[in-house]
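Understanding the architecture of this molecule
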Amino acid sequence: MLAAHKLDSPERLRAHLAQGREVQEMRADGQGGWHWQNLAAGDGLPFEPPPRPPLTSAKPLFFAEREALFRFDGGTFYGCLPEIEPKVLFGVSACDLRALAYQDQFFAQDEHYQRRRRQTLLVGYDCGHSCAGGFCTAVGGSPLVNQTQADLILRRNGHGGWTLLVASQAGAEAIAALALPQAPEDWTAERDADLAQVRAEQGAQAEITAGIAAIQAASVEPERWEALGLRCLGCSGCTSVCPTCSCYAPLEQREEGGALLHERVWDSCLYTGFQKEASSHNPAATAGQRVQRFWYHKFGTAFAERFGAYGCVGCGRCDVVCPGSIGAHGVMTRISRP
Amino acid sequence: MHTVPSICAYCGVGCGVGLRVEGGRVIGVEPQAGHPVSQGQLCAKGWSNAYAVDPVGRITTPLVREHGELRPAGWDEALTRVAEALRTSLETYGPLGVGVISCARASNEDNYAAQKFARAVLGTHNIDHCARICHSPSVAGLSRTLGSGAMTNSIADLDEAELILVIGADVTENHAMIGARMLRAQARGARLVVIDPRKTRLARLADMHLQLRLGSNIALLNGLVQIILDNGWENRAFLAKRCEDIEPLSRHLAGITPEQTSRETGVPVEQLIKLARLYSQSKAAFIAYGMGITQFQSGTNNVIAVSNLALVCGQVGRPGTGINPLRGQNNVQGACDMGCLPDVFPGYQKVADASVRAKFADAWGCAMPETPGMTSLGMTKAAAAGQFGCLMILGEDPVQTDPDRNQVAHALAQLDCLVVIEMHLTETAKLADVILPAASFAEKDGTFSNCERRVQRIRRALPPPGQARCDWQILGELARRLGHTGFEWQSAEAVFDEMASLSPIFSAMSYAALDTHHGLQWPCDAEHPQGSPILHQHSFPLGRARLLPVSCVAPAECPDADYPFWFTTHRLHFHYGCGSMTRKSPLLERETPAGLLFIHPADAVRLGLAQHQRVRVSSRRGELITRLELSDDLAPGTLAMPYHFREAPCNLLTNDAQDPITRMPELKACAVALEAVDEQAKEEGAHARRP
């Protein structure tokens, strides 16, 4: 059972956590977008989570889209491990936390990722309503933060107040000095009600369920994948915004002075060149094969078993960002049609 | 990390991007959610904007040529040298012997400064930019028929169209977010028809594809209009109320039969009749066209033929309709709007009009020349003839992107002084006497105008690397050294305000208004303070629109026994222009081998050639070695090459036969020969026939 506290204001909690930590929170840019942003000291703006997950998930805060791995001066290799100050991500949704747990497995041995991860306190946020386009409940996820995937869980109560759930030792220590009062007993019932509400809002998501079944049964004909491939422009948008995508490519450039800088940059498996071999043979030579591979990685049985969860958390970002209208819903609808 | 809203620096669609900045570097890009044009999406180029502005590989200090080599120099030395070269050239050749080629990739503010510099400081109308080789025929053709050369409607009109007709444009590859919107329109029920000699992605997804023979645009469009008139499908009310007499056009077309059109174009009769009916009977039909219309020696007439079709059916001036040229570069619309053309001042105010000259002479405090200026090709030809002293080129690479590159390089070598303002050491920059380092779009404030006439703000996300500066600052400093005032702007906004105060079509625009409205579309004046998403709703700038008879002219060079293949050029989704920006992305660079020749599999089989085989392609102008890519995108008998790769520069082959009205070269059609070469043959096989 989680410890639960009554919280008078999330802003007070945020200000408390900011002592000794850098705070990042999603903020609107006034142009229609939301971004993770470092808050200035003393920032007192009201905590207002975005109406849907921002295009950029928490992924780049750990798996940087571009970072130096090492430098080679012709004689010696020099590592480029980042120096990370303690920080707190304030108000991460359940889907993004679930994706982060997936990335934690992928990057378990990656010191660049783990340094950032170790220094970050995660404050999750329970969604009381489904976002437009979200389908977390259809892919084994939930709008409620999984207690193993955050340090603290913030939730807005039905009657307007706030509850703070303590999900880890680090979370407990971080708020100990606040001496928050015990929450009323009804918070578990409220969580159940939120889940039911979001389930109802998201509906059956029949095309997602049928699409997953078709992928797992390998019953989608190659022609259908190729028809989808024709709509894939290879823009890399889906893999960039997907919170569980983790592929990267090397970028080596000579610096002034002659040393070689080896960076890694986000890659996309939808590019032709992603798997092209030196002989120019390509195991995924057609766009259809690449689209198929992408979705097998999200819903294929082997991946689900290895990671203990689907590689899709139901955030719906790919639907938003795909110029060919073949995000999750577009693809699943087309492959599940008879 | 923080995110700075800006506009993509690639094509003319004008998508909203957020530049993700960390540690003094743009490390990534994301689409701007809710942007009216891109609606929260981007193409492969858009997502890779960060690499294009990376400081590695940038020119960060002025460079001057000494004993044949470029060496770093301070701003003072470099600008002194440029000022001296300009002074000497003006004395030797007069104002017609100096000029500026401005940049369709730079901001409106940079372009305004460039034409003001040419006109006020150098005293010449020798100012042009690369619109010459993309949409100068659109400007000329639509000016003749309607009175205004820009997209008549907005990208959002696709959402209201019942029929979308794409002519000679590979939209999903080159204007991907417009292509995406077309596909969404099709999904909601609009019909999509593509006219193109190549089976493009969009052609494959369209409801109908008319795969016409290369260079038969006018035959096809005339044929369609004649079918419409023959069947009485024309919009008589619109013709009566909005157009001049149709009689000369109908007399010109009389007697053309669908069978004849089919023979000339290779398009089946039933497709012709079906499209003629669909287009004329649609409640709202949107025409989009690209380089497949303009890059011909008949480019202007091709545009006029498109305009005739739209006017006869009254598909102009309403939501969901229009004649819509898709412009190639992020700010080619703006470079035109700013008057970086030899015949117009900012806002398309004509140089030939004495009262306009007087107005600018008054505003800028110096006399305005009367002598007309030269186009960019005119300037290079004058250089080749030894009649040109000093040319300044801002951010363009004519050596790689203009036709017949040997001629261009030869011409530039004849100059007394070539000055290039650039971010990268392009093929053109390598020939320069002085290179001045330019700031990228991520390093400056300003505005870009997209192809639907929307002026949008770009914002400085980080300082320029090294000593790089904005073009308008460089030109201002140079003007000061040449003894001119009027270039002392303290900000990009001040440049914009000066421009807007002198250009009626921009008179109600300000940075504040642009911020509030996600950009504004010109004309934006006291009468249209919210801008003008749709032009020509009640009348045309000419009053009544003109229907001008035009006839099909074959390309200047057609296949024969020596050069048996048609040859055309195109672009790839992953690359842009000369590749100086896209090829800095390791991911985009990985996508395509550096240079490819597309060939139909049937032709390859006939000649015994295999996928990726090394071949020599030759035309009357030059030859190069590249590799084959088998693709049924093309009709048999036609070969195609993208122009992004310096390793296989297809403009060694292209023809510089020109549209007589705009000097647009015929980049889309010439004749070539093909032969297999030994795998061991030297890679650098590209050379010219002429010295």
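Residues numbered from 1 in each chain as written. Chains lettered and ligands numbered in written order. Predicted model: local features only at pLDDT ≥ 70, side-chain atom pairs only at ≥ 80, totals over all residues. Heavy atoms only, no water.

Okay, the overall build of chain A next. The secondary structure content of chain A amounts to 12 helices and 11 strands. Taking the principal axes of the C-alpha coordinates as reference, chain A spans close to 65 × 60 × 40 Å. Across the 338 residues in chain A, those meeting the buried criterion constitute 55%. The long-range share in chain A, meaning contacts at least 24 apart out of those at least 6 apart in sequence, stands at 72%. Roughly 14,300 Å² of accessible area belongs to chain A as shown, and the carbon and sulfur atoms make up 54% of that amount. Counting 31 positive and 37 negative side-chain charges, chain A places the centres of these two groups 3 Å from one another. (Helix = DSSP H or I, 4+ residues; strand = E, 2+ residues; numbered from the N terminus. Buried < 20%, exposed > 50% of the residue type's maximum accessible area, 1.4 Å probe, protein only. Contact = heavy atoms within 4.5 Å. Areas by Shrake-Rupley, 256 points an atom, 1.4 Å probe, with all protein chains shown as cover. Lys, Arg positive; Asp, Glu negative; His and termini not counted. Charge placed at Lys NZ, Arg CZ, Asp CG, Glu CD.)

Our focus in this paragraph is the overall build of chain B. What chain B contains, in helices and strands, is 25 helices and 27 strands. For chain B, the spread of C-alpha atoms along the three principal axes comes to 70 × 65 × 55 Å. For chain B, the residues scored as buried account for 68% of the 691 residues in total. Long-range pairs, those at least 24 residues apart, make up 74% of the contacts in chain B with a sequence separation of at least 6. In the form shown here, chain B has an accessible surface area of approximately 21,700 Å², with 51% of it arising from carbon and sulfur atoms. Separation of charge centres in chain B, based on 65 positive and 72 negative side chains, amounts to 3 Å.

Next up on the list: the environment of Leu-587 of chain B. Inspection of the secondary structure assignment puts Leu-587 of chain B in helix 24 (residues 586-591). What makes Leu-587 of chain B buried here is its relative accessible area of 6%. It is 45 Å that separates the C-alpha atoms of Leu-587 of chain B and Gln-281 of chain B, two residues lying 306 residues apart in sequence. Sequence-distant contacts of Leu-587 of chain B, defined by excluding residues within four places in its chain, comprise Ala-249, Val-265, Trp-266, Asp-267 and Tyr-271 of chain A together with Tyr-51 of chain B.

Turning next to the side chain of Lys-298 of chain A. Inspection of the secondary structure assignment puts Lys-298 of chain A in helix 9 (residues 287-299). Residue contacts for Lys-298 of chain A: discarding those within four places in its chain leaves Cys-242, Thr-244, Cys-245, Tyr-310, Gly-311 and Cys-312 of chain A.

With that out of the way, let us pick up the UniProt feature "domain: 4Fe-4S Mo/W bis-MGD-type" (unreviewed entry) in chain B. Here, the residues flagged by UniProt with the feature "domain: 4Fe-4S Mo/W bis-MGD-type" (unreviewed entry) are residues 1-57 of chain B. The annotated region residues 1-57 of chain B carries 14% helix and 35% strand content, and the separation between its end C-alpha atoms amounts to 24 Å. (UniProt positions renumbered as here; feature names shortened; annotations may be inferred.)

A word on the packing of aromatic side chains. Throughout the structure, instances matching the rule amount to 27 aromatic pairs over all chains. Ring centres of Phe-107 of chain A and Tyr-113 of chain A lie 5.0 Å apart, and the angle between their planes is 15°; this geometry places the pair in the stacked category. Comparing Phe-107 of chain A with Tyr-113 of chain A, the two get one shared label, buried. Summarising the aromatic geometry, the rings of Trp-295 of chain A and Phe-299 of chain A are spaced 6.2 Å apart at their centres and angled 15° between planes, so their arrangement reads as stacked. Taken together, the residues span about one helical turn, with Trp-295 of chain A and Phe-299 of chain A both in helix 9 at a distance of four residues. The pair formed by Trp-295 of chain A and Phe-299 of chain A is uniform in burial state, with each residue classed as buried. Linked through ring pairs, Tyr-112, Phe-117, Phe-345, Phe-360, Trp-364, Trp-472, Phe-487 and Trp-489 of chain B together constitute an aromatic cluster. One residue, Lys-116 of chain B, lies across the ring of Phe-487 of chain B, its end atom 4.9 Å from the ring centre. The ring of Phe-345 of chain B has Arg-119 of chain B lying over it, and the distance from NZ or CZ to the ring centre is 4.8 Å. (Phe/Tyr/Trp six-rings, centres within 6.5 Å; stacked < 30°, edge-to-face > 60°. Lys NZ or Arg CZ within 6 Å of the ring centre and 35° of its normal.)

On to the nonpolar core, then. Soluble globular proteins tend to pack their nonpolar side chains together in the buried interior. Counting residues in hydrophobic clusters, the biggest one holds 69 residues, and the most contacted among them are Leu-86 and Phe-117 of chain B. In terms of nonpolar packing, the next biggest core, distinct from the first, is built from 58 residues, Val-29, Ala-52, Ala-169 and Ala-190 of chain B among them. (Core = buried A, V, L, I, M, F, W, Y, C linked by side-chain atoms within 4.5 Å.)

Next up on the list: the interface of chain A and chain B. Taken residue by residue, the interface counts 45 residues in chain A and 41 residues in chain B. Interface area, chain A with chain B, both sides summed: about 3,500 Å², of which 51% is carbon and sulfur. Put simply, Arg-20 of chain B and Glu-65 of chain A hold a salt bridge, and the shortest N to O gap is 2.7 Å. Linking chain A with chain B are 15 residue pairs in polar contact (both at pLDDT 80 or more). If one sorts the elements of the side of chain A that touches chain B by residue count, strand 10 (residues 248-254) of chain A sits on top with five residues. Classifying every residue of the side of chain A that touches chain B gives 21 nonpolar, 17 polar and seven charged. (Buried area = accessible area lost by both parts, 1.4 Å probe. Salt bridge = Lys/Arg side-chain N within 4 Å of Asp/Glu carboxyl O. Polar contact = N/O pair within 3.5 Å; in protein donor to acceptor, adjacent residues only side chain to side chain. Nonpolar A, V, L, I, M, F, W, Y, C, P; charged D, E, K, R; others polar.)

Let us now look at the packing of helix 7 (residues 222-230) of chain A against helix 12 (residues 328-336) of chain A. Residue and element names in this part refer to chain A. Running from amino to carboxyl end, helix 7 crosses helix 12 at an angle of 150°, the nearest separation of the two axes being 10 Å. Here helix 7 lies roughly antiparallel to helix 12, going by the angle between them. The element helix 7 and its partner helix 12 pack so that their crossing is right-handed. On the side of helix 7, the interface is formed by Arg-224, Trp-225 and Leu-228, while helix 12 contributes Val-331, Arg-334, Ile-335 and Ser-336. (Axes fitted to C-alpha atoms, helices over the stretch in contact; angles between N-to-C directions. Parallel < 35°, antiparallel > 145°, perpendicular 65-115°, else oblique. Left-handed = near helix turned anticlockwise from the far one by under 90°.)

Moving on: the sheet that holds strand 6 (residues 98-101) of chain B. Residues and elements named next belong to chain B. Spatial strand order, 5-4-17-16-15-6-7: seven strands in an open sheet with mixed pairing. Of all the strands in the sheet, the pair left with one neighbour each is strand 5 (69-72) and strand 7 (127-128). Sheet analysis places strand 15 (residues 390-394) next to strand 16 (residues 417-422), joined by five bridges and oriented parallel. Looking at the pairing, Leu-391 lines up with Leu-418 of strand 16. Sheet strands touched by helix 3 (residues 75-93): strand 4 (63-66), strand 5, strand 6, strand 15, strand 16 and strand 17 (434-437). Its angle to strand 17, the strand with the most contacts, is close to 130°. (Pairing = 2+ DSSP bridges.)

Turning to unusual backbone geometry, a few remarks are in order. Residues and elements named next belong to chain B. A cis amide bond links Trp-522 with the next residue in sequence, Pro-523, at an omega value of -5°. Although it is not a glycine, Tyr-348 sits at a positive phi angle of roughly 60°. Within the element layout of this structure, Tyr-348 appears in the loop between strand 13 (344-345) and strand 14 (349-350). In the Ramachandran plot, His-612 falls in the positive-phi region, its phi being about 65° despite a non-glycine side chain. Note that His-612 resides in the loop between helix 25 (601-607) and strand 23 (614-618).

Moving on, we come to the domain arrangement of chain A. All names here are of chain A. You can read the domains of chain A as domain 1 (3-202) and domain 2 (206-336). Opposite the 37 residues of domain 1 that make contact, domain 2 presents 41 residues. When domain 1 packs against domain 2, the two sides together hide about 3,400 Å² of surface, and 59% of this comes from carbon and sulfur. The three residues of domain 1 that bury the most area against domain 2 are Leu-55, Tyr-102 and Phe-135, which together make up 21% of that side's buried surface. Here domain 1 and domain 2 share five salt bridges between them. Two residues, Glu-67 and Arg-264, come together in a salt bridge whose shortest N-O distance is 3.3 Å. Inspection of the region where domain 1 meets domain 2 yields 22 residue pairs in polar contact (both at pLDDT 80 or more). Of all elements in the fold, only strand 4 (66-72), helix 2 (94-106) and helix 3 (111-118) reach the threshold of two or more residues within the side of domain 1 that touches domain 2. (Domains from an automatic or database assignment.)

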